[in-house]
Amino acid sequence: MPGAFEGETVTRRAFMTGGVLAAGGIATAAFTLPALGFALGPVFSRTEARNWQDVGAEGDFNPLTYTSAVTTIDPYTGETGKTTVYIRRRDPSRDTAKELLKYPYVAISTRCMHLGCPVRYVQASERFICPCHGGVYLFDGTVAGGPPVRPLDRFETKVQNGRVYVGKRFSLNSKLEKFKPRDPSNHLDGVWQYIYPSRPTT
């Protein structure tokens, strides 16, 4: 090695340079790897695992009010993978959104589209109310007031052998057009739908 004494394999300068480079590499990795994991983790995570789930007989639901049912969004996380869904029979006079006509029942998520707090349905006023920050939704889940940026998410529904089944969750914009699931606070109108792309998992 240039600059080495006779019989010397590594100079002090080379050793110090290598040590500094190694320490710098370790420090860089300590900052970079967690950031990469945070950014790329959702790509490799499980997608929302959900099969059709029986939530009751057709006679259990009517078009005038909602009935709550507990369903499982992620079967791998125990109790935290469960959620409450508000369900009612579709009312042809009220539920006229073209993309949603194929669903015989309206199944609405209880997760507020502001920050994700659980909303509660109040029959007396036919409103969904969020207790955290005052979000208010109309009977069909569209925003009536407060900070929510879009209507409440919904679930696919179907009827089989007289039983009502709830399927995958999906998001809606203000025109009740269907989108892949988005996180709370993500807008879905105009250019916002491109600024907030869907994620593989929520």
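## Overview of a nonpolar patch on the surface
A surface patch of nonpolar side chains, about 470 Å² in accessible area, is lined by Val191, Trp192, Tyr194 and Ile195. Within the element layout of this structure, tryptophan 192 appears in helix α2 (residues 192-195). According to the relative accessible area criterion, tryptophan 192 is partly exposed, its value standing at 39%.

## Some thoughts on the environment of lysine 175
Along the chain, lysine 175 turns up in the loop between β10 (163-172) and β11 (178-179). Residue lysine 175 is classed as exposed on the basis of its relative accessible area of 64%.

## Some remarks on the state of the cysteines
A covalent bond between the sulfur atoms of two cysteines is what we call a disulfide. One pass over the structure, following the stated rule, counts one disulfide. Between the sulfur atoms of cysteine 117 and its disulfide mate cysteine 132 the distance is 2.3 Å. As the torsion about the S-S bond is roughly -105°, the cysteine 117-cysteine 132 disulfide counts as left-handed. Placement of cysteine 117 in the loop between β4 (105-109) and β5 (120-122) and of cysteine 132 in the loop between β6 (127-129) and β7 (136-137) is noted, with a sequence separation of 15 residues between them. Note on cysteine 117: relative accessible area 15%, which makes it buried. For cysteine 132, a relative accessible area of 38% gives the class partly exposed. Of all cysteine sulfurs in the structure, the one in cysteine 130 sits closest to cysteine 112, which takes part in no disulfide; the separation is 3.8 Å.

## A short note on the side chain of asparagine 186
Turning to its location among the elements, asparagine 186 is positioned in the loop between β11 and α2. Beyond its immediate stretch of four places on either side in the chain, asparagine 186 contacts Val149, Arg150 and Tyr196.

## Thoughts on unusual backbone geometry
The phi angle at asparagine 161 is positive, at roughly 55°, despite the residue not being glycine. If you trace the backbone, asparagine 161 turns up in the loop between β9 (154-160) and β10. Residues other than glycine seldom take positive phi values, yet serine 185 does so here, at roughly 80°. Relative to the helices and strands, serine 185 resides in the loop between β11 and α2.

## Some remarks on the environment of valine 119
With respect to the element layout, valine 119 can be found in the loop between β4 and β5. Linking valine 119 and valine 136, residues 17 residues apart in sequence, is a C-alpha distance of 8.8 Å.

## Digging into the nonpolar core
Formed by 14 residues in total, the largest nonpolar core has its most connected members in Tyr66, Ile108, Val119, Tyr121, Phe128, Tyr137 and Leu152. In contact with tyrosine 121, not counting residues within four places along its chain, are Thr65, Tyr66, Tyr86, Glu126, Arg127, Phe128 and Phe139. Membership of the second largest hydrophobic core comes to 10 residues, among which are Phe61, Tyr105, Ala107 and Phe155.

Conventions we followed
- Counting from 1, residues in each chain are numbered in the order their sequence is written.
- Given that this is a predicted model, residues contribute local features only at a pLDDT of at least 70 and side-chain atom pairs are listed and counted only at 80 or more, while totals for whole chains, interfaces and linings are drawn from all residues.
- To obtain the side-chain values, all non-hydrogen atoms of the structure were included, while hydrogens and water were left out.
- A patch is a set of surface residues, each over 30% in relative accessible area and not in a salt bridge, joined within 9 Å for like charges and within 5 Å for the nonpolar side chains Val, Leu, Ile, Met, Phe, Trp and Tyr.
- Shrake-Rupley sampling with a 1.4 Å probe provides the accessible areas, and residues are treated as covered by the protein chains on show and by no other component.
- Any carboxyl oxygen of Asp or Glu within 4 Å of a side-chain nitrogen of Lys or Arg constitutes a salt bridge here.
- Elements are defined by DSSP. Helices are runs of H or I of four residues or more, strands are runs of E of two residues or more, and each kind is numbered from the N terminus.
- Throughout this description, buried means an accessible area under 20% of the type-specific maximum (1.4 Å probe, protein chains only), exposed means over 50%, and partly exposed covers the range between.
- The criterion for a disulfide is a pair of cysteine sulfur atoms lying within 2.5 Å.
- Two residues qualify as a contact provided that any one of their heavy atoms is within 4.5 Å of a heavy atom in the partner residue.
- For the purposes of this section, nonpolar cores are sets of buried Ala, Val, Leu, Ile, Met, Phe, Trp, Tyr and Cys residues that join through side-chain atoms within 4.5 Å.

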